[in-house]
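# Observations on chain architecture
One letter stands for each residue in the lines below.
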Amino acid sequence: MKLWQKEIGSKKEVESFTIGRDPEFDIILAPFDVLGSMAHAQMLSSIGLLTTEENEILQVGLKDIYFEIEKGQFEIAPGVEDVHSQVEFLLTERFGDVGKKLHSGRSRNDQVLVDLKLYYRAAIHGLVEESIELFDLLIKLAEKHKDDLMPGYTHTQLAMPSSFGLWFSSFAESLSEDLGLLKAAFDLSNKNPLGSAAGYGSSFPLDRTMTTHLLGFADLHHNVLNAQNSRGKTERTLSFAMAGMAGTLNRLAADVCIFMNQHFAFIKFPDDLTTGSSIMPHKKNPDVFELIRAKTNQIQAVPNAVSMILTNTTTGYHRDLQLLKEEIFPAIESLNSCLSMTTFMLKSIKVKEDILSDPFYKHLFSVEVVNDLVLKGMPFRDAYKQVGMDIESDNFAPDQTTLNHTHEGSIGNLNLDAIQDKMQSAIKLFNFFAVEQAIKDLLK
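Thresholds, definitions, all that
- Residues numbered from 1 in each chain as written.
- Predicted model: local features only at pLDDT ≥ 70, side-chain atom pairs only at ≥ 80, totals over all residues.
- Heavy atoms only, no water.
- Salt bridge = Lys/Arg side-chain N within 4 Å of Asp/Glu carboxyl O.
- Helix = DSSP H or I, 4+ residues; strand = E, 2+ residues; numbered from the N terminus.
- Buried < 20%, exposed > 50% of the residue type's maximum accessible area, 1.4 Å probe, protein only.
- Pairing = 2+ DSSP bridges.
- Core = buried A, V, L, I, M, F, W, Y, C linked by side-chain atoms within 4.5 Å.
- Contact = heavy atoms within 4.5 Å.
- Phe/Tyr/Trp six-rings, centres within 6.5 Å; stacked < 30°, edge-to-face > 60°.
- Axes fitted to C-alpha atoms, helices over the stretch in contact; angles between N-to-C directions.
- Parallel < 35°, antiparallel > 145°, perpendicular 65-115°, else oblique.
- Left-handed = near helix turned anticlockwise from the far one by under 90°.
- Nonpolar A, V, L, I, M, F, W, Y, C, P; charged D, E, K, R; others polar.
- Expected span 1.5 Å × (residues − 1).
- Polar contact = N/O pair within 3.5 Å; in protein donor to acceptor, adjacent residues only side chain to side chain.

### Overview of the pattern of salt bridges
- Taken as a whole and judged by the stated rule, the model has 14 salt bridges.
- Residues Glu54 and Lys101 are paired through a salt bridge, measuring 2.5 Å at the closest nitrogen-oxygen approach. Linking Glu54 in helix α3 (residues 52-70) with Lys101 in the loop between α4 (83-95) and α5 (108-144), this pair joins segments that are 47 residues apart in sequence.
- For Glu54, a relative accessible area of 15% puts it in the buried group.
- One salt bridge in this structure joins Glu133 and Lys347, with 3.7 Å as the shortest N-O distance. One end of the pair, Glu133, is in helix α5; the other, Lys347, is in the loop between α11 (324-346) and β6 (350-351), with 214 residues separating them in the sequence.
- For Lys347, a relative accessible area of 57% translates into the label exposed.
- What emerges from the salt-bridge pattern is a single network uniting Glu81, Asp82 and Arg108.

Structure representation (C-alpha coordinates):
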(Lines give C-alpha, C1' and ligand atoms only; values in the text may rest on other atoms or scores of the structure.)
Protein backbone atom coordinates (compact mmCIF):
# COMPACT_ATOMS: atom_id res chain seq x y z
CA MET A 1 0.00 0.00 0.00
CA LYS A 2 1.22 3.49 -0.86
CA LEU A 3 2.05 6.03 1.84
CA TRP A 4 -1.01 8.09 0.90
CA GLN A 5 -3.41 5.23 0.08
CA LYS A 6 -6.46 4.37 2.19
CA GLU A 7 -8.45 1.49 0.73
CA ILE A 8 -8.94 2.08 -2.99
CA GLY A 9 -5.89 2.36 -5.24
CA SER A 10 -5.42 4.05 -8.61
CA LYS A 11 -6.18 2.37 -11.90
CA LYS A 12 -3.02 0.96 -13.47
CA GLU A 13 -3.22 3.44 -16.37
CA VAL A 14 -3.26 6.38 -13.96
CA GLU A 15 -0.53 4.87 -11.84
CA SER A 16 1.76 4.26 -14.81
CA PHE A 17 1.23 7.78 -16.17
CA THR A 18 1.75 9.54 -12.86
CA ILE A 19 4.81 7.57 -11.78
CA GLY A 20 6.58 8.24 -15.08
CA ARG A 21 10.38 8.11 -14.84
CA ASP A 22 10.46 8.59 -11.08
CA PRO A 23 11.78 5.09 -10.21
CA GLU A 24 15.08 5.67 -12.08
CA PHE A 25 15.55 9.02 -10.34
CA ASP A 26 14.53 7.66 -6.95
CA ILE A 27 17.55 5.35 -6.96
CA ILE A 28 19.72 8.47 -7.21
CA LEU A 29 17.84 10.06 -4.31
CA ALA A 30 17.94 6.93 -2.12
CA PRO A 31 21.01 7.75 0.04
CA PHE A 32 19.74 11.28 0.62
CA ASP A 33 16.31 9.99 1.60
CA VAL A 34 17.96 7.84 4.28
CA LEU A 35 20.02 10.77 5.60
CA GLY A 36 16.90 12.91 5.87
CA SER A 37 15.12 10.12 7.73
CA MET A 38 18.00 9.71 10.15
CA ALA A 39 17.87 13.38 11.08
CA HIS A 40 14.08 13.31 11.28
CA ALA A 41 14.11 10.28 13.62
CA GLN A 42 16.61 11.94 15.95
CA MET A 43 14.42 15.02 16.07
CA LEU A 44 11.25 12.96 16.75
CA SER A 45 13.05 11.33 19.66
CA SER A 46 14.07 14.71 21.06
CA ILE A 47 10.44 15.88 21.18
CA GLY A 48 9.09 12.62 22.59
CA LEU A 49 7.39 11.15 19.51
CA LEU A 50 9.91 8.30 19.52
CA THR A 51 11.50 6.66 22.53
CA THR A 52 15.27 6.58 22.82
CA GLU A 53 15.18 2.85 22.10
CA GLU A 54 12.99 3.32 19.01
CA ASN A 55 15.31 6.00 17.68
CA GLU A 56 18.33 3.77 18.22
CA ILE A 57 16.61 0.95 16.32
CA LEU A 58 15.78 3.28 13.44
CA GLN A 59 19.28 4.76 13.33
CA VAL A 60 20.83 1.30 13.07
CA GLY A 61 18.30 0.22 10.44
CA LEU A 62 18.70 3.38 8.39
CA LYS A 63 22.50 3.16 8.48
CA ASP A 64 22.29 -0.42 7.26
CA ILE A 65 20.10 0.67 4.36
CA TYR A 66 22.43 3.60 3.60
CA PHE A 67 25.44 1.31 3.27
CA GLU A 68 23.40 -1.18 1.23
CA ILE A 69 22.70 1.68 -1.17
CA GLU A 70 26.40 2.57 -1.26
CA LYS A 71 27.24 -1.04 -2.15
CA GLY A 72 24.58 -1.19 -4.88
CA GLN A 73 22.48 -3.69 -2.92
CA PHE A 74 19.35 -1.54 -2.73
CA GLU A 75 16.46 -1.61 -5.16
CA ILE A 76 12.86 -0.47 -5.24
CA ALA A 77 10.77 -3.63 -5.31
CA PRO A 78 8.07 -4.16 -7.94
CA GLY A 79 4.82 -2.59 -6.83
CA VAL A 80 6.51 -0.18 -4.40
CA GLU A 81 5.71 3.38 -5.42
CA ASP A 82 8.89 5.25 -4.51
CA VAL A 83 12.10 5.32 -2.50
CA HIS A 84 10.34 6.64 0.61
CA SER A 85 7.95 3.71 0.58
CA GLN A 86 10.77 1.21 0.00
CA VAL A 87 12.81 2.51 2.94
CA GLU A 88 9.77 2.50 5.24
CA PHE A 89 8.83 -1.00 4.02
CA LEU A 90 12.33 -2.35 4.79
CA LEU A 91 12.33 -0.80 8.25
CA THR A 92 8.90 -2.22 9.04
CA GLU A 93 9.80 -5.63 7.65
CA ARG A 94 13.01 -5.77 9.69
CA PHE A 95 11.99 -4.03 12.93
CA GLY A 96 8.20 -4.07 13.10
CA ASP A 97 5.83 -1.19 13.90
CA VAL A 98 8.61 1.26 14.75
CA GLY A 99 9.15 1.60 11.00
CA LYS A 100 5.62 2.96 10.66
CA LYS A 101 6.32 5.72 13.18
CA LEU A 102 9.05 7.38 11.11
CA HIS A 103 6.65 9.34 8.93
CA SER A 104 5.16 11.27 11.87
CA GLY A 105 5.45 15.01 11.42
CA ARG A 106 6.32 15.05 7.75
CA SER A 107 4.69 14.74 4.35
CA ARG A 108 5.95 13.16 1.16
CA ASN A 109 6.24 16.77 -0.02
CA ASP A 110 8.90 17.88 2.44
CA GLN A 111 10.49 14.43 2.34
CA VAL A 112 11.01 14.74 -1.42
CA LEU A 113 12.15 18.32 -0.96
CA VAL A 114 14.85 17.47 1.56
CA ASP A 115 16.02 14.58 -0.66
CA LEU A 116 16.32 16.96 -3.59
CA LYS A 117 18.09 19.67 -1.59
CA LEU A 118 20.64 17.16 -0.30
CA TYR A 119 21.13 15.69 -3.78
CA TYR A 120 21.54 19.08 -5.46
CA ARG A 121 23.98 20.14 -2.77
CA ALA A 122 26.10 17.03 -3.37
CA ALA A 123 25.78 17.35 -7.16
CA ILE A 124 26.99 20.95 -7.04
CA HIS A 125 29.98 19.79 -4.99
CA GLY A 126 30.74 17.28 -7.74
CA LEU A 127 30.49 19.94 -10.44
CA VAL A 128 32.83 22.22 -8.51
CA GLU A 129 35.37 19.39 -8.14
CA GLU A 130 35.26 18.69 -11.89
CA SER A 131 35.61 22.43 -12.58
CA ILE A 132 38.67 22.67 -10.35
CA GLU A 133 40.42 19.87 -12.24
CA LEU A 134 39.72 21.52 -15.59
CA PHE A 135 40.66 24.95 -14.24
CA ASP A 136 44.03 23.73 -12.97
CA LEU A 137 44.80 22.15 -16.34
CA LEU A 138 43.85 25.33 -18.21
CA ILE A 139 46.15 27.41 -16.00
CA LYS A 140 48.96 24.92 -16.57
CA LEU A 141 48.44 25.05 -20.34
CA ALA A 142 48.24 28.85 -20.27
CA GLU A 143 51.61 29.06 -18.51
CA LYS A 144 53.17 26.52 -20.85
CA HIS A 145 51.95 28.27 -24.01
CA LYS A 146 51.99 31.92 -22.93
CA ASP A 147 54.58 32.76 -25.61
CA ASP A 148 52.95 30.75 -28.41
CA LEU A 149 51.15 33.34 -30.50
CA MET A 150 47.98 32.74 -32.46
CA PRO A 151 45.51 34.93 -34.36
CA GLY A 152 42.76 36.67 -32.45
CA TYR A 153 39.38 37.12 -34.11
CA THR A 154 36.41 39.45 -34.00
CA HIS A 155 33.38 38.76 -36.21
CA THR A 156 35.33 35.55 -37.08
CA GLN A 157 37.72 37.83 -39.03
CA LEU A 158 41.43 38.29 -38.36
CA ALA A 159 41.75 40.96 -35.67
CA MET A 160 44.89 41.20 -33.49
CA PRO A 161 47.64 38.94 -32.18
CA SER A 162 46.58 36.62 -29.41
CA SER A 163 48.30 33.71 -27.69
CA PHE A 164 47.41 30.23 -26.59
CA GLY A 165 48.14 31.40 -23.06
CA LEU A 166 45.46 34.05 -23.41
CA TRP A 167 43.06 31.56 -24.99
CA PHE A 168 43.47 28.85 -22.35
CA SER A 169 43.34 31.26 -19.40
CA SER A 170 40.21 32.96 -20.75
CA PHE A 171 38.31 29.72 -20.14
CA ALA A 172 39.96 29.31 -16.75
CA GLU A 173 38.72 32.70 -15.56
CA SER A 174 35.33 32.04 -17.10
CA LEU A 175 35.02 28.88 -14.99
CA SER A 176 35.83 30.85 -11.85
CA GLU A 177 33.00 33.22 -12.72
CA ASP A 178 30.64 30.34 -13.48
CA LEU A 179 31.07 29.26 -9.87
CA GLY A 180 29.38 32.49 -8.81
CA LEU A 181 26.17 31.37 -10.46
CA LEU A 182 26.60 27.89 -9.04
CA LYS A 183 27.03 29.37 -5.54
CA ALA A 184 23.56 30.96 -5.80
CA ALA A 185 22.12 27.54 -6.62
CA PHE A 186 24.09 26.00 -3.75
CA ASP A 187 22.72 28.56 -1.30
CA LEU A 188 19.14 27.68 -2.27
CA SER A 189 19.95 23.97 -2.02
CA ASN A 190 21.57 24.48 1.37
CA LYS A 191 18.37 25.51 3.16
CA ASN A 192 16.34 22.99 5.14
CA PRO A 193 12.70 22.40 4.08
CA LEU A 194 12.13 19.48 6.47
CA GLY A 195 9.20 20.09 8.80
CA SER A 196 7.27 22.15 6.27
CA ALA A 197 5.17 19.01 5.63
CA ALA A 198 2.74 19.69 2.78
CA GLY A 199 3.53 23.38 2.95
CA TYR A 200 1.51 24.29 6.03
CA GLY A 201 3.58 22.89 8.86
CA SER A 202 2.50 20.43 11.54
CA SER A 203 0.68 20.42 14.88
CA PHE A 204 3.58 18.37 16.29
CA PRO A 205 6.19 20.52 18.11
CA LEU A 206 8.89 19.81 15.51
CA ASP A 207 12.41 21.11 16.08
CA ARG A 208 13.35 22.29 12.60
CA THR A 209 16.52 23.98 13.80
CA MET A 210 17.76 20.61 15.04
CA THR A 211 17.33 18.88 11.67
CA THR A 212 18.96 21.88 10.00
CA HIS A 213 22.12 21.34 12.05
CA LEU A 214 22.03 17.55 11.76
CA LEU A 215 21.93 17.69 7.96
CA GLY A 216 24.56 20.42 7.69
CA PHE A 217 22.24 22.98 6.14
CA ALA A 218 23.44 26.58 6.44
CA ASP A 219 19.91 27.77 7.23
CA LEU A 220 16.29 26.68 7.00
CA HIS A 221 13.40 27.90 4.94
CA HIS A 222 11.68 29.58 7.88
CA ASN A 223 8.28 30.01 6.25
CA VAL A 224 6.84 26.55 5.61
CA LEU A 225 4.93 27.67 2.53
CA ASN A 226 8.05 29.32 1.09
CA ALA A 227 9.85 26.02 1.66
CA GLN A 228 7.41 24.32 -0.69
CA ASN A 229 7.58 27.18 -3.17
CA SER A 230 11.36 26.80 -3.25
CA ARG A 231 10.84 23.65 -5.30
CA GLY A 232 11.16 24.93 -8.81
CA LYS A 233 12.99 28.07 -7.74
CA THR A 234 15.97 25.93 -6.76
CA GLU A 235 15.85 24.00 -10.04
CA ARG A 236 15.49 27.15 -12.10
CA THR A 237 18.54 28.70 -10.43
CA LEU A 238 20.56 25.50 -10.76
CA SER A 239 19.62 25.19 -14.43
CA PHE A 240 20.83 28.73 -15.16
CA ALA A 241 24.09 28.03 -13.30
CA MET A 242 24.66 24.84 -15.28
CA ALA A 243 23.81 26.66 -18.50
CA GLY A 244 26.47 29.26 -17.70
CA MET A 245 29.13 26.60 -17.20
CA ALA A 246 27.91 24.77 -20.30
CA GLY A 247 28.30 28.00 -22.25
CA THR A 248 31.97 28.17 -21.29
CA LEU A 249 32.55 24.59 -22.42
CA ASN A 250 30.51 25.14 -25.57
CA ARG A 251 32.68 28.03 -26.72
CA LEU A 252 35.85 26.08 -26.01
CA ALA A 253 34.53 23.07 -27.94
CA ALA A 254 33.47 25.23 -30.90
CA ASP A 255 36.94 26.81 -31.02
CA VAL A 256 38.62 23.41 -30.93
CA CYS A 257 36.50 22.14 -33.82
CA ILE A 258 37.56 25.15 -35.91
CA PHE A 259 41.19 25.18 -34.84
CA MET A 260 41.56 21.48 -35.76
CA ASN A 261 40.36 22.23 -39.28
CA GLN A 262 43.21 21.89 -41.81
CA HIS A 263 42.73 25.50 -42.96
CA PHE A 264 43.68 26.56 -39.42
CA ALA A 265 45.73 23.59 -38.12
CA PHE A 266 46.45 25.46 -34.88
CA ILE A 267 46.03 22.39 -32.65
CA LYS A 268 45.89 18.63 -32.92
CA PHE A 269 45.24 15.54 -30.82
CA PRO A 270 46.63 12.01 -30.96
CA ASP A 271 44.96 9.79 -33.52
CA ASP A 272 43.36 7.60 -30.85
CA LEU A 273 41.42 10.62 -29.54
CA THR A 274 39.92 11.43 -32.94
CA THR A 275 37.72 9.41 -35.28
CA GLY A 276 38.04 8.56 -38.95
CA SER A 277 35.77 8.29 -41.95
CA SER A 278 34.39 5.11 -43.47
CA ILE A 279 35.46 6.26 -46.96
CA MET A 280 38.04 9.04 -46.48
CA PRO A 281 41.33 7.67 -45.12
CA HIS A 282 42.74 11.10 -44.27
CA LYS A 283 40.01 12.17 -41.84
CA LYS A 284 40.69 12.91 -38.14
CA ASN A 285 37.41 14.18 -36.80
CA PRO A 286 36.86 16.05 -33.49
CA ASP A 287 33.88 13.90 -32.50
CA VAL A 288 34.41 14.32 -28.76
CA PHE A 289 34.31 18.10 -28.98
CA GLU A 290 31.39 18.03 -31.42
CA LEU A 291 29.44 16.00 -28.86
CA ILE A 292 30.51 18.34 -26.06
CA ARG A 293 29.29 21.21 -28.22
CA ALA A 294 25.92 19.50 -28.73
CA LYS A 295 25.51 18.31 -25.15
CA THR A 296 26.29 21.75 -23.75
CA ASN A 297 23.69 23.22 -26.08
CA GLN A 298 21.18 20.74 -24.66
CA ILE A 299 22.12 21.90 -21.16
CA GLN A 300 21.73 25.54 -22.17
CA ALA A 301 18.14 24.73 -23.19
CA VAL A 302 17.25 23.39 -19.73
CA PRO A 303 16.41 26.78 -18.12
CA ASN A 304 13.69 27.30 -20.71
CA ALA A 305 12.26 23.82 -20.15
CA VAL A 306 12.25 24.38 -16.37
CA SER A 307 10.57 27.77 -16.77
CA MET A 308 7.86 26.26 -18.96
CA ILE A 309 7.12 23.53 -16.41
CA LEU A 310 6.76 26.17 -13.69
CA THR A 311 4.52 28.46 -15.73
CA ASN A 312 0.99 28.75 -14.26
CA THR A 313 1.82 26.89 -11.03
CA THR A 314 0.23 28.63 -8.07
CA THR A 315 1.44 28.64 -4.46
CA GLY A 316 2.04 25.20 -2.97
CA TYR A 317 2.83 21.78 -4.34
CA HIS A 318 1.77 20.58 -7.80
CA ARG A 319 2.50 17.25 -9.52
CA ASP A 320 3.95 19.28 -12.40
CA LEU A 321 7.07 19.67 -10.27
CA GLN A 322 7.85 15.96 -10.61
CA LEU A 323 8.90 16.60 -14.23
CA LEU A 324 11.67 18.94 -13.13
CA LYS A 325 13.74 15.87 -12.32
CA GLU A 326 13.55 14.77 -15.97
CA GLU A 327 15.30 18.01 -16.94
CA ILE A 328 17.73 18.56 -14.06
CA PHE A 329 19.02 15.08 -13.26
CA PRO A 330 20.21 14.21 -16.82
CA ALA A 331 21.65 17.73 -17.18
CA ILE A 332 23.79 17.26 -14.06
CA GLU A 333 25.10 13.94 -15.39
CA SER A 334 25.75 15.42 -18.83
CA LEU A 335 27.57 18.49 -17.51
CA ASN A 336 29.78 16.31 -15.33
CA SER A 337 30.72 14.17 -18.33
CA CYS A 338 31.41 17.23 -20.50
CA LEU A 339 33.70 18.70 -17.83
CA SER A 340 35.61 15.44 -17.34
CA MET A 341 35.95 14.75 -21.08
CA THR A 342 37.17 18.28 -21.77
CA THR A 343 39.87 17.76 -19.13
CA PHE A 344 40.71 14.33 -20.52
CA MET A 345 41.10 15.65 -24.07
CA LEU A 346 43.05 18.81 -23.23
CA LYS A 347 45.69 16.76 -21.41
CA SER A 348 46.78 15.59 -24.88
CA ILE A 349 46.43 18.80 -26.90
CA LYS A 350 49.33 19.78 -29.17
CA VAL A 351 49.79 23.44 -30.11
CA LYS A 352 51.36 24.66 -33.35
CA GLU A 353 54.30 27.01 -32.88
CA ASP A 354 55.28 30.14 -34.87
CA ILE A 355 51.85 30.54 -36.44
CA LEU A 356 52.14 34.31 -36.81
CA SER A 357 55.50 34.18 -38.63
CA ASP A 358 53.49 33.41 -41.78
CA PRO A 359 53.07 36.62 -43.88
CA PHE A 360 49.41 35.66 -44.27
CA TYR A 361 48.86 37.05 -40.77
CA LYS A 362 50.69 40.37 -41.23
CA HIS A 363 47.50 42.46 -41.03
CA LEU A 364 47.04 41.28 -37.45
CA PHE A 365 49.83 43.71 -36.55
CA SER A 366 48.14 46.85 -37.91
CA VAL A 367 47.14 48.07 -34.44
CA GLU A 368 50.71 47.50 -33.21
CA VAL A 369 52.06 49.74 -36.00
CA VAL A 370 49.40 52.42 -35.38
CA ASN A 371 50.28 52.45 -31.67
CA ASP A 372 54.01 52.68 -32.43
CA LEU A 373 53.39 55.75 -34.59
CA VAL A 374 51.28 57.31 -31.82
CA LEU A 375 54.07 56.69 -29.29
CA LYS A 376 56.42 58.51 -31.65
CA GLY A 377 54.17 61.58 -31.57
CA MET A 378 51.79 61.16 -34.49
CA PRO A 379 48.08 61.87 -33.75
CA PHE A 380 46.06 58.66 -33.60
CA ARG A 381 43.75 59.58 -36.50
CA ASP A 382 46.71 60.34 -38.75
CA ALA A 383 48.47 57.12 -37.75
CA TYR A 384 45.30 55.08 -38.38
CA LYS A 385 44.89 56.66 -41.83
CA GLN A 386 48.53 56.11 -42.80
CA VAL A 387 48.50 52.43 -41.85
CA GLY A 388 45.18 51.96 -43.59
CA MET A 389 46.58 53.45 -46.80
CA ASP A 390 49.68 51.24 -46.56
CA ILE A 391 47.43 48.17 -46.24
CA GLU A 392 45.32 49.20 -49.25
CA SER A 393 48.40 49.80 -51.40
CA ASP A 394 49.98 46.54 -50.20
CA ASN A 395 52.92 48.42 -48.69
CA PHE A 396 52.27 47.21 -45.15
CA ALA A 397 55.27 45.26 -43.83
CA PRO A 398 55.22 45.02 -40.03
CA ASP A 399 57.66 43.30 -37.70
CA GLN A 400 55.77 40.04 -36.96
CA THR A 401 58.02 38.98 -34.12
CA THR A 402 57.95 41.86 -31.65
CA LEU A 403 54.99 42.61 -29.38
CA ASN A 404 54.87 44.78 -26.28
CA HIS A 405 51.68 44.11 -24.33
CA THR A 406 52.21 44.68 -20.62
CA HIS A 407 48.89 45.71 -19.06
CA GLU A 408 46.93 43.39 -16.78
CA GLY A 409 45.30 40.51 -18.61
CA SER A 410 47.05 41.07 -21.93
CA ILE A 411 49.13 38.51 -23.82
CA GLY A 412 52.27 39.82 -22.14
CA ASN A 413 50.79 39.82 -18.62
CA LEU A 414 48.23 37.03 -18.23
CA ASN A 415 47.63 37.63 -14.51
CA LEU A 416 47.45 33.88 -13.91
CA ASP A 417 48.11 34.29 -10.19
CA ALA A 418 45.19 36.69 -9.89
CA ILE A 419 42.91 34.31 -11.80
CA GLN A 420 43.94 31.47 -9.49
CA ASP A 421 43.20 33.64 -6.45
CA LYS A 422 39.80 34.42 -7.94
CA MET A 423 39.05 30.71 -8.28
CA GLN A 424 40.20 29.93 -4.75
CA SER A 425 38.01 32.71 -3.35
CA ALA A 426 35.01 31.33 -5.24
CA ILE A 427 35.61 27.80 -3.95
CA LYS A 428 35.96 28.88 -0.31
CA LEU A 429 32.48 30.43 -0.36
CA PHE A 430 30.87 27.00 -0.70
CA ASN A 431 32.20 25.74 2.65
CA PHE A 432 31.83 22.10 1.63
CA PHE A 433 33.74 21.02 4.73
CA ALA A 434 30.87 21.94 7.04
CA VAL A 435 28.46 19.86 4.95
CA GLU A 436 30.78 16.85 4.83
CA GLN A 437 31.38 16.98 8.57
CA ALA A 438 27.66 17.05 9.36
CA ILE A 439 27.00 13.98 7.21
CA LYS A 440 29.95 12.12 8.78
CA ASP A 441 28.58 12.91 12.25
CA LEU A 442 25.14 11.68 11.24
CA LEU A 443 26.51 8.37 9.98
CA LYS A 444 28.99 7.60 12.74
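After presenting the structure, the write-up continues.
### Quick word on the pairing of strand β2 (residues 157-163)
- In the sheet, strand β1 (residues 149-154) pairs with β2 via five bridges, with the strands oriented antiparallel. Paired with Tyr153 across the two strands is Leu158, which belongs to β2.
- The antiparallel hairpin formed by β1 and β2 contains two residues in its connecting segment, where His155 sits at a positive phi of about 60°.

### Points about the environment of Gln73
- Residue placement: Gln73 occurs in the loop between α3 and α4.
- Considered as a pair, Gln73 and Ser366 are 293 residues apart in the sequence and their alpha carbons are 67 Å apart.

### Concerning the nonpolar core
- Counting residues in each nonpolar core, the largest one holds 112 residues, and the members touching the most others are Leu35, Leu182, Ile267 and Phe289.
- Ranked by residues supplied to this core, first place goes to α5 with 18 residues.
- Those residues within four positions of Leu35 in sequence are excluded, and the remaining contacts are Tyr66, Leu118, Leu215, Ile439, Leu442 and Leu443.
- Ranked by size, the runner-up nonpolar core spans five residues in total, among them Val370, Leu373, Ala383 and Val387.

### Side note on the packing of aromatic side chains
- One pass over the full model with this rule turns up 21 aromatic pairs.
- When the centroid spacing of 6.3 Å and the interplanar angle of 80° are considered together, the rings of Tyr120 and Phe329 count as edge-to-face. Highlighted residues: Tyr120 in helix α5 and Phe329 in helix α11, separated in sequence by 209 residues.
- With relative accessibility at 1%, the residue Tyr120 sits in the buried group.
- A relative accessible area of 2% means that Phe329 is categorised as buried.
- Geometrically, the ring pair formed by Tyr153 and Phe264 is tilted, given 6.2 Å between the ring centres and 55° between the ring planes.

### Brief notes about the environment of Asp136
- Within the fold, Asp136 resides in helix α5.
- Expressed as a C-alpha distance, the spacing of Asp136 and Gln420, which sit 284 residues apart in the sequence, is 8.5 Å.

### Some remarks on unusual backbone geometry
- Of note, Ala197 is a non-glycine position whose phi angle comes to about 55°, a positive value.
- Of note, Ala197 is situated in the loop between β3 (191-192) and α7 (208-214).

### Quick look at the packing of helix α6 (residues 164-189) against helix α14 (residues 416-428)
- With their axes 9 Å apart at the nearest point, α6 and α14 run at an angle of 20° to one another. Judged by the angle between their axes, α6 and α14 are roughly parallel. Seen along the crossing, α6 lies across α14 with a hand that is left-handed. Facing α6, whose interface residues are Ser169, Ala172, Glu173, Ser176, Glu177 and Leu179, α14 presents Leu416, Ile419, Lys422, Met423, Ala426 and Ile427.
- When its residues are assigned to classes, the contact of α6 with α14 shows seven nonpolar, two polar and three charged.

### Digging into the side chain of His145
- With respect to the helices, strands and loops of the structure, His145 is situated in the loop between α5 and β1.
- Sequence-distant contacts of His145, that is, excluding residues within four places in its chain, are made with Phe164, Gly165, Phe168 and Val351.

### Description of α4
- In this model, α4 (13 residues) spans 18 Å end to end at C-alpha, consistent with the 18 Å of a helix rising 1.5 Å per residue.
- Of all the positions in α4, only Val83, His84, Ser85, Gln86, Val87, Glu88, Leu90 and Leu91 are classed as buried.
- On the buried face of α4, the contacting elements are α2 (22-46), α3 and α5.
- At the N-terminal boundary of α4, the capping side chain belongs to Asp82, with an oxygen 3.3 Å from the backbone nitrogen of His84.
- Downstream of α4 by a residue or two, Gly96 has a phi angle that is positive, lying close to 85°.

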